[in-house]
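# Close look at the chain arrangement
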Amino acid sequence: MNQLHPGPPADAPAPAARLAAFAAALADETRASICMTLLEGRAWTAGELARITGVAPSTVSGHLARLLDAGICVTERQGRHTYVRVADAATARLLDELASYAVPDRDAAHAVPVVGAPDPLARARTCYDHFAGRLGMAVTDAMEERGLLRTEGVFELTEAGRLWCAEAGIALAGAGRRRPASSCLDWTERRRHLGGLAGARLCARSLEEGWVVRPAGGGRALEVTAAGERAFDDLLGITRQAWA
């Protein structure tokens, strides 16, 4: 047992033990700084968090282990990298409330610079068979705001979302066991975007209709056409500013 951070008594009830672990995990300025960074809604690698907080990578790894053990953070593997994010929306809300209590003037945006991918990949690209980059996040955010998609925990289309898909010509049948909606961590935006059948079929229709095109050189980058700008605005109220 760690002598510096003794655990709760053996007979402590589970809620008290969890609360104690949660509070102990936050009782360090570096770990609190990590949490404040993660509240931006993006995911970060351990190396990036080390640079942001100004501590050695080995030190930040120990702090992340405490946050992971307390259930405050989770990790996601994407390609060759492992990213850290806040565990869920409920934990994020609690952290934000604590931060607001501790820092009364926190109305000012707490901005952390993102190491972005070169355009045009950061603007719009395919991730397997669905949208990614700023365009992918614009679609995800617009669907959530309109009540078409639930993003807390597992991504899930609402009844309104299924109706919207039918009206938009996005078929949700005939794909075996593939989920209608799933999430995928975006490596430039560091947030989760829409994948699954809905994401794939929206991307496929956009290519078929000429709403997006691939550059002459090929690759995963996409360019939104004038027809696409009109279509995304009509379907989801997304304007060019969201991805440009």
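Residues numbered from 1 in each chain as written. Predicted model: local features only at pLDDT ≥ 70, side-chain atom pairs only at ≥ 80, totals over all residues. Heavy atoms only, no water.

## Concerning the overall build of the chain
Looking only at helices and strands, one finds 9 helices and 10 strands in the chain. Burial statistics for the chain: of 244 residues in total, 39% are counted as buried. A separation of at least 24 residues holds for 56% of the contacts in the chain among residues at least 6 apart in sequence. For the chain, the accessible area works out to roughly 13,200 Å², and carbon and sulfur atoms hold 53% of it. (Helix = DSSP H or I, 4+ residues; strand = E, 2+ residues; numbered from the N terminus. Buried < 20%, exposed > 50% of the residue type's maximum accessible area, 1.4 Å probe, protein only. Contact = heavy atoms within 4.5 Å. Areas by Shrake-Rupley, 256 points an atom, 1.4 Å probe, with all protein chains shown as cover.)

## Describing the packing of helix α2 (residues 29–38) against helix α4 (residues 57–69)
As a packed pair, α2 and α4 sit with axes 10 Å apart at the nearest point and diverge in direction by 70 degrees. With respect to α4, the axis of α2 lies roughly perpendicular. Along the contact surface, α2 presents T30, R31, I34 and C35, while α4 presents V60, H63, L64, R66 and L67. Classifying every residue of the contact of α2 with α4 by side-chain character gives 5 nonpolar, 2 polar and 2 charged. (Axes fitted to C-alpha atoms, helices over the stretch in contact; angles between N-to-C directions. Parallel < 35°, antiparallel > 145°, perpendicular 65-115°, else oblique. Nonpolar A, V, L, I, M, F, W, Y, C, P; charged D, E, K, R; others polar.)

## What about the side chain of E189?
You can see E189 is positioned in the loop between β7 (183–185) and β8 (192–194). Once residues within four sequence positions are removed from consideration, E189 is found in contact with R42, A122, G133, R134 and M137.

## So, the packing of α2 against helix α3 (residues 46–53)
It is at 10 Å that the axes of α2 and α3 come closest, and there the two elements cross at 115 degrees. Compared by their axis directions, α2 and α3 come out roughly perpendicular. α2 and α3 meet at a crossing whose hand is right-handed. Along the contact surface, α2 presents T30, S33, I34, T37 and L38, while α3 presents L49, I52 and T53. Partitioned by chemical class, the residues of the contact of α2 with α3 number 4 nonpolar, 4 polar and no charged. (Left-handed = near helix turned anticlockwise from the far one by under 90°.)

## Side note on the confidence of the model for the chain
On average, the chain scores 87 in pLDDT, and the residues at 70 or more come to 88%. Predicted confidence for residues 1–5 stays below pLDDT 50, and this span has 3 contacts to residues more than four positions away or in other chains. Here residues 106–110 is modelled with pLDDT under 50, and outside its nearest four sequence neighbours on either side it reaches 8 contacts, counting other chains as well. (pLDDT = per-residue confidence, 0-100.)

## Let's talk about the nonpolar core
Core analysis: the biggest nonpolar cluster contains 30 residues, and F131, L135, M143, W164 and L236 have the highest contact counts within it. At the level of secondary structure, the elements contributing two or more residues to this core comprise α6 (133–145), α7 (159–167), α8 (196–209) and α9 (226–236). Element by element, the count of residues in this core is highest for α6, at 5 residues. Sequence-distant contacts of F131, that is, excluding residues within four places in its chain, are made with R125, G136, V139, H193, L194, L202, C203, S206, V212, L222 and F232. (Core = buried A, V, L, I, M, F, W, Y, C linked by side-chain atoms within 4.5 Å.)

## Digging into α2
All of the buried residues in α2 are T30, R31, I34, C35, T37 and L38. The buried residues of α2 occupy one face: seen down the axis, they fall within an arc of 160 degrees. Contacts from the buried residues of α2 go to α1 (14–26), α3, α4, β1 (73–78), β2 (81–86) and α5 (89–102). The backbone nitrogen of T30 has a side-chain oxygen 2.8 Å away, supplied by the residue at the start of α2, namely D28. (Arc of directions from axis to C-beta. Polar contact = N/O pair within 3.5 Å; in protein donor to acceptor, adjacent residues only side chain to side chain.)

## Some points on the environment of R85
Here R85 is to be found in strand β2. Setting aside anything within four residues of it in sequence, one finds R85 in contact with L38, A43, I72, C73, V74, E76 and R192. A polar side-chain atom of R85 sits 2.3 Å from a polar atom in the side chain of E76.

## Here we look at α3
Burial in α3 covers these residues: E48, L49, A50 and T53. Its buried side turned inward, α3 meets α2, α4 and β2. With its phi angle positive at about 75 degrees, G54 sits one or two positions after the end of α3.

## Considering the pairing of β1
Both β1 and β2 contribute to a ladder of 6 bridges, which runs antiparallel. Within the sheet, the bridge partner assigned to R77 lies in β2 and is T82. Where β1 folds back onto β2 in an antiparallel hairpin, the turn is made up of 2 residues, including G79, whose phi is positive at roughly 65 degrees. (Pairing = 2+ DSSP bridges.)

## Observations regarding the packing of aromatic side chains
For any pair of aromatic rings, the description consists of the separation of the ring centres together with the inter-plane angle of the planes. With the rule as written, the count across this model stands at 3 aromatic pairs. An angle of 75 degrees between the planes, with centres 6.0 Å apart, marks the rings of F131 and F232 as edge-to-face. You can see F131 sitting in strand β4 (residues 130–132) and its partner F232 sitting in helix α9, a full 101 residues away along the chain. Taking relative accessible area as the criterion, F232 reaches 1% and is therefore assigned buried. (Phe/Tyr/Trp six-rings, centres within 6.5 Å; stacked < 30°, edge-to-face > 60°.)

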